[in-house]
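What follows is the residue order along each chain.
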Amino acid sequence: MNSNLNKKRMLTGNKAAAWGARLAGIEYVPAFPITPQTEIVETLSQWFADGTLQGKFTNMDSEHSMFMAAGAAAATGVRVFTASSSQGILHGLESIYTVAGWRVPFVMVNVSRALATPITLEPDHNDVMATRDCGLIQLHAETCQEVLDFVLMGYKIAEHPLVSIPVLVNLDGFVLSFSREPVMIPDEKAALEFLPPFKPVQPVFRASQPMARASAVFGGGTYTYFRIQQDLAARQAETVFNETAREFAERFGRTYEPVERFHVDDAEVVFVMSNSFATKGKSAVLKLRKQGIKAGLLKLSMFRPFPGEAIANALAGCQKVAVIDQNLAPGMGGIIYPEIVTAMYDKKDRPKKILSVVGGLGGKDIKEDDFLSIVERLNDSESKRPLYLFDEGDWSQFQQLQKIALV
Amino acid sequence: MLRVRSHGRGGQGIKTASQIMGTAAFLSGYQSQDFPLYGAERRGAPIVAFTRVSQKTILERGPISLPDLLLIGDETLLEDPQAAPICGSDEQTVLFINSEKDPQILKGSFNLPSLPVTCGLTKLCLQYLNDGMVRSTALGAAGARLTGRISLEDLLESVEIELDVMGIAGQPLQSNLDLVREVFGALNPVTIKEREESALSPSKLMVLEQKEVQDAAPIITATRNMVQRKTGNWRIHRPEIDYEDCNNCMICYARCPEGVIEMDPEGKPVIDYDHCKGCMICAQECPKHSIKTLWEMDYELEPQ
Ligand code: SF4
Ligand code: SF4
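Quick caveat, the model's predicted, so the values are computed rather than measured. (Residues numbered from 1 in each chain as written. Chains lettered and ligands numbered in written order. Predicted model: local features only at pLDDT ≥ 70, side-chain atom pairs only at ≥ 80, totals over all residues. Heavy atoms only, no water.)

**Here we look at the overall build of chain B**
In step 1: Each helix and strand counted, chain B has nine helices and 10 strands in total.
In step 2: By principal-axis analysis of the C-alpha atoms, chain B measures approximately 65 × 60 × 40 Å.
In step 3: A buried classification covers 49% of the 304 residues belonging to chain B.
In step 4: Long-range pairs, those at least 24 residues apart, make up 68% of the contacts in chain B with a sequence separation of at least 6.
In step 5: Only carbon and sulfur atoms are counted for the fraction: they give 49% of the accessible area of chain B, which is about 15100 Å².
In step 6: Distance from the positive charge centre (30 side chains) to the negative charge centre (42 side chains) of chain B: 3 Å. (Helix = DSSP H or I, 4+ residues; strand = E, 2+ residues; numbered from the N terminus. Buried < 20%, exposed > 50% of the residue type's maximum accessible area, 1.4 Å probe, protein only. Contact = heavy atoms within 4.5 Å. Areas by Shrake-Rupley, 256 points an atom, 1.4 Å probe, with all protein chains shown as cover. Lys, Arg positive; Asp, Glu negative; His and termini not counted. Charge placed at Lys NZ, Arg CZ, Asp CG, Glu CD.)

Shown next as structure tokens:
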């Protein structure tokens, strides 16, 4: 036997999300199952049923009602958690925009899964990118530990008086949601000290105390006022994240920043990535360095608000950058790429070349060898188009399937 | 880093086996990671799960294509081109097969890259658990033992933790622990060499040209192509119609969820064993109880 067990436990990304919610002392969960997220709400429903969690767990009729219920409950001043994925997120999109505008704090988890068509169960980031402009704060997790920590930190950020916006924590379906690794579960008392019970700073719905939220406005001026306020609060969340991370590090010893620099300082080539595939990127960086290529990796832990300054500072002076998007906006390319380019535009020492790479779609692996191909493409000054990670093996596999599919 | 890949079928506890190894390695002071891979399939379909064990931080995720230790929990998979459990292993891969056959014969008949280690886990599971189907503890124990990195004590604790999650306690837990002791004692650790890190070489990326829409969109024009996907070996149980007793009422034909019972020209139901998945709904539905439930492999026990 080993003392490991007292501190850490083998948890999937999904269980880590559930643990984060549990330690946050959530009081209400509106739920709707969808692969690969279901394990989260299943775990929570069990904890509500056996009395581990006090409050209410409600199975909803759809994600559309689910996100609406999450916002409505948050507007009564209780601590709310919910989770979804992929088509579920899309179905709930109208409600997500709506409740984000209500300026009520709660945490939702998205377990990334590619979108139809064609339909699949496997991961990429088009679902979370679809929520990019909804007015959510977005934290993207690479490890199961980050999932738990970001959920806990997420409440603190969401509920901060200067923010008051829902936080979305993203993790990759399958690759992280079903992977188990050792996760440090904070002690309940320490978690409570870090995150005391939710005390709303704004008026909340109470019985016999009439008030309204989100009434219609006409004439663009009023509308614009509320929208700009939303933008200012979302921008504020970066500072609040940094404060929260500082306190988190003091209490729990784990340090987080909006962007994580992995061997970036002396790097000539930097890969910009997010979520669980960043682990593969880090491994490739170490191998490339052994082969004499000074590579580095910049991981985006925060995606909304967009930490443009932090990114620009990290990439300043670096010659070549490849932004690896695990999503695709047809007719445009990778979605994160233009955001990175924008962040660098007015910097004197901006990279000479910023390449857009699209890969890891629909569960397709990004292989370590692919990183060398990316470096080669960066050295080829001619190419203008994004680099798609699609290889001869993928092609022959596709051809075999097509033979079966077509007469 | 030690990379373990486990193969079996849905319902055999392959994911749990990989988790038992993962937790046991973690308890023994290693970094570990485990990960199952399954799609929308169900009982009987090929399942694969992975366990990584390392002294250092694990910078890998997802499937293991080149395993150091390959555990095959169901030997019928060796013949399954879809599961292709041997795929990606090399001479350096240690093979373990749940089988009572002679390792030499297995190596010859399946063209294995090395002589496999074998142990008849199914028989032991029947003996200890009265169930030859669930092999999670036995396979997990075999894997943990073969690595030579995990003590019996940590393994037993891991089994307790993982079975507790599934609500297994009391006598069933004790039987599982006895089974673990037996398997652990029956096998010896093998030498697993740390693989040399291979240098990166560029991928064979290609530039796709635009195709006409009928080739570019996910359109299927071929009919009845599901026939090519043979699911007969998903069967754990085999339905067998007693034609002496059957009165050709066609109820099984109507109720088979896979549509693999056909009525022949004489009006008799005929099961297509290439595709029957062994769900046994037909046996449940037959009003005359004319469909027998048999084990697919000749186990000694009567199916329950
Ligand atoms: S067991 Fe019976 S019902 Fe099930 S697939 Fe086979 S023939 Fe059909
Ligand atoms: S349901 Fe039973 S009796 Fe009816 S056709 Fe099928 S096997 Fe025969």
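**What to know about the sheet that holds strand 9 (residues 259–262) of chain A**
All names here are of chain A.
In step 1: Ordered in space as 9-11-10-13-14-15, the six strands form an open sheet in which the pairing is mixed. On the outer flanks of this sheet lie strand 9 and strand 15 (387–388), each paired with one strand and no other.
In step 2: Two elements, strand 14 (residues 353–358) and strand 15, share two bridges in a ladder whose sense is parallel. Across the sheet, residue Val358 finds its bridge partner in strand 15, namely Tyr388.
In step 3: Across the sheet, helix 10 (residues 277–290) touches strand 9, strand 10 (269–273) and strand 11 (295–300), and the angle it forms with strand 11 is around 165 degrees. (Pairing = 2+ DSSP bridges. Axes fitted to C-alpha atoms, helices over the stretch in contact; angles between N-to-C directions.)

**Some points on the interface of chain A and chain B**
In step 1: Each side of the interface is counted separately: chain A has 50 residues, and chain B has 46 residues.
In step 2: Counting the surface lost from both chain A and chain B, the interface buries some 4200 Å², and carbon and sulfur atoms represent 59% of this.
In step 3: Our count for the chain A to chain B interface comes out at four salt bridges.
In step 4: Arg180(A) serves as the salt-bridge partner of Glu162(B), at 2.9 Å between the closest nitrogen and oxygen.
In step 5: On the surface where chain A and chain B come into contact, there are 21 residue pairs in polar contact (both at pLDDT 80 or more).
In step 6: With nine residues, helix 10 of chain A is the largest single contributor of residues to the side of chain A that touches chain B.
In step 7: Of the residues contributing to the side of chain A that touches chain B, the split by class is 24 nonpolar, 11 polar and 15 charged. (Buried area = accessible area lost by both parts, 1.4 Å probe. Salt bridge = Lys/Arg side-chain N within 4 Å of Asp/Glu carboxyl O. Polar contact = N/O pair within 3.5 Å; in protein donor to acceptor, adjacent residues only side chain to side chain. Nonpolar A, V, L, I, M, F, W, Y, C, P; charged D, E, K, R; others polar.)

**Thoughts on the side chain of Arg235(B)**
All names here are of chain B.
In step 1: Along the polypeptide, Arg235 turns up in the loop between helix 7 (213–216) and strand 7 (237–241).
In step 2: Residue class for Arg235 comes out buried when judged on its relative accessible area of 7%.
In step 3: For Arg235, the side chain forms a polar contact with the main-chain oxygen of Cys276, separated by 2.9 Å.
In step 4: Here Arg235 is in contact with Tyr273, Cys276, Lys277, Gly278 and Glu296, once residues within four sequence places are set aside.

**Comments concerning the pairing of strand 7 of chain B**
All names here are of chain B.
In step 1: Side-chain alternation along strand 7 places His237, Pro239 and Ile241 on a buried face and Arg238 and Glu240 on a face that remains uncovered.
In step 2: The pairing of strand 7 with strand 10 (residues 291–295) spans five bridges and is classified as antiparallel. Residue pairing in the sheet places Ile241 in a bridge with Ile291 of strand 10.

**What about the domain arrangement of chain A?**
All names here are of chain A.
In step 1: Per the domain assignment, the segments making up chain A are domain 1 (3–203 + 213–252) and domain 2 (260–397).
In step 2: On the domain 2 side, the residues contacting the 29 residues of domain 1 number 28 residues.
In step 3: The interface formed by domain 1 and domain 2 holds four salt bridges in total.
In step 4: Linking Lys299 and Glu142 is a salt bridge whose minimum nitrogen-to-oxygen distance equals 2.7 Å.
In step 5: At the boundary of domain 1 and domain 2, one finds 18 residue pairs in polar contact (both at pLDDT 80 or more).
In step 6: Looking at the side of domain 1 that touches domain 2, the elements that each hand over two or more residues are helix 6 (126–130), strand 6 (137–140), helix 7 (144–159), strand 7 (167–172) and helix 9 (220–252).
In step 7: Take the side of domain 1 that touches domain 2: its biggest share by element is five residues, from helix 9.
In step 8: Taken together, the residues that form the side of domain 1 that touches domain 2 break down as 14 nonpolar, six polar and nine charged. (Domains from an automatic or database assignment.)

**A few points about the site of ligand 2**
In step 1: Every residue lining ligand 2 is accounted for by Cys246(B), Asn247(B), Asn248(B), Cys249(B), Met250(B), Ile251(B), Cys252(B), Pro269(B), Cys286(B), Pro287(B) and Ile291(B).
In step 2: Each residue belonging to the shell around ligand 2 can be placed in one class, and the counts come to nine nonpolar, two polar and no charged. (Near = heavy atom within 4 Å.)

**Some points on the domain arrangement of chain B**
Accessible area lost on assembly of the parts is the figure often given for the size of an interface.
Residues and elements named next belong to chain B.
In step 1: The assigned domain composition of chain B is domain 1 (2–199) and domain 2 (225–295).
In step 2: Contacts between domain 1 and domain 2 engage 11 residues on the former and eight residues on the latter.
In step 3: Here domain 1 meets domain 2 over a buried area of about 870 Å², counting both sides, of which 55% is carbon and sulfur.
In step 4: The interface formed by domain 1 and domain 2 contains zero salt bridges.

**Examining the sheet that holds strand 5 (residues 107–112) of chain A**
Residue and element names in this part refer to chain A.
In step 1: One open sheet accounts for five strands, arranged 4-5-7-6-12; its pairing is mixed. Both outer strands of the open sheet, strand 4 (81–84) and strand 12 (302–304), are each paired with one neighbouring strand and no more. Taking the axes of each pair of neighbouring strands and ignoring which way they run, one obtains an average angle of 25 degrees across the sheet.
In step 2: Where strand 5 meets strand 7, six bridges bridge the pair, whose relative direction is parallel. Paired with Ser112 across the two strands is Asp172, which belongs to strand 7.

**Description of the environment of Met273(A)**
All names here are of chain A.
In step 1: When you line up the elements, Met273 lands in strand 10.
In step 2: Overall, Met273 belongs to the buried group, its relative accessible area being 2%.
In step 3: For Met273, the residues in contact, after removing those within four places along its chain, are Ala278, Gly281, Leu297, Leu298, Lys299, Leu300, Ile324, Gln326, Ile366 and Phe371.

**Focus: the side chain of Arg377(A)**
All names here are of chain A.
In step 1: Considering the arrangement of structural elements, one finds Arg377 in helix 13 (residues 368–379).
In step 2: One buried charge, Arg377, has no salt-bridge partner; the nearest side chain with opposite charge is Asp380, at 4.4 Å.
In step 3: Not counting residues within four places of it along the chain, the set of residues in contact with Arg377 comprises Lys353, Leu355, Ser383, Arg385 and Leu387.

**Comments concerning the pattern of salt bridges**
Residues and elements named next belong to chain B.
In step 1: Tallying each qualifying case throughout the model produces 39 salt bridges over all chains.
In step 2: For Arg195, the salt bridge is made with Asp68, and the minimal N-O distance between the two is 2.8 Å. With Arg195 in the loop between helix 6 (170–186) and helix 7 and Asp68 in the loop between strand 3 (46–54) and strand 4 (69–72), this pair connects stretches of sequence that are 127 residues apart.
In step 3: Look at Asp68 and you get buried, because its relative accessible area is 1%.

**Here we look at the packing of aromatic side chains**
In step 1: Per the stated rule, a full pass over the model turns up 13 aromatic pairs over all chains.
In step 2: Ring centres 6.0 Å apart and planes at 90 degrees place the aromatic pair Phe303(A) and Phe306(A) in the edge-to-face group.
In step 3: With a relative accessible area of 1%, Phe303(A) lands in the buried category.
In step 4: When the centroid spacing of 6.0 Å and the interplanar angle of 20 degrees are considered together, the rings of Trp395(A) and Phe398(A) count as stacked. Of this pair, Trp395(A) and Phe398(A) both sit in helix 14 (residues 392–405), three residues apart, roughly one helical turn.
In step 5: Each residue in the set Phe150(A), Phe194(A), Phe248(A), Phe252(A) and Tyr256(A) is aromatic and connected to the rest through ring pairs, giving one cluster.
In step 6: Directly above the aromatic system of Tyr273(B) lies the positively charged group of Arg238(B), at a separation of 4.1 Å from the ring centroid. (Phe/Tyr/Trp six-rings, centres within 6.5 Å; stacked < 30°, edge-to-face > 60°. Lys NZ or Arg CZ within 6 Å of the ring centre and 35° of its normal.)

**Here we look at helix 7 of chain A**
In step 1: The first and last C-alpha atoms of helix 7 of chain A sit 23 Å apart over 16 residues, in line with the 22 Å expected at 1.5 Å per residue.
In step 2: Buried residues dominate helix 7 of chain A, accounting for 15 of its 16 residues. (Expected span 1.5 Å × (residues − 1).)

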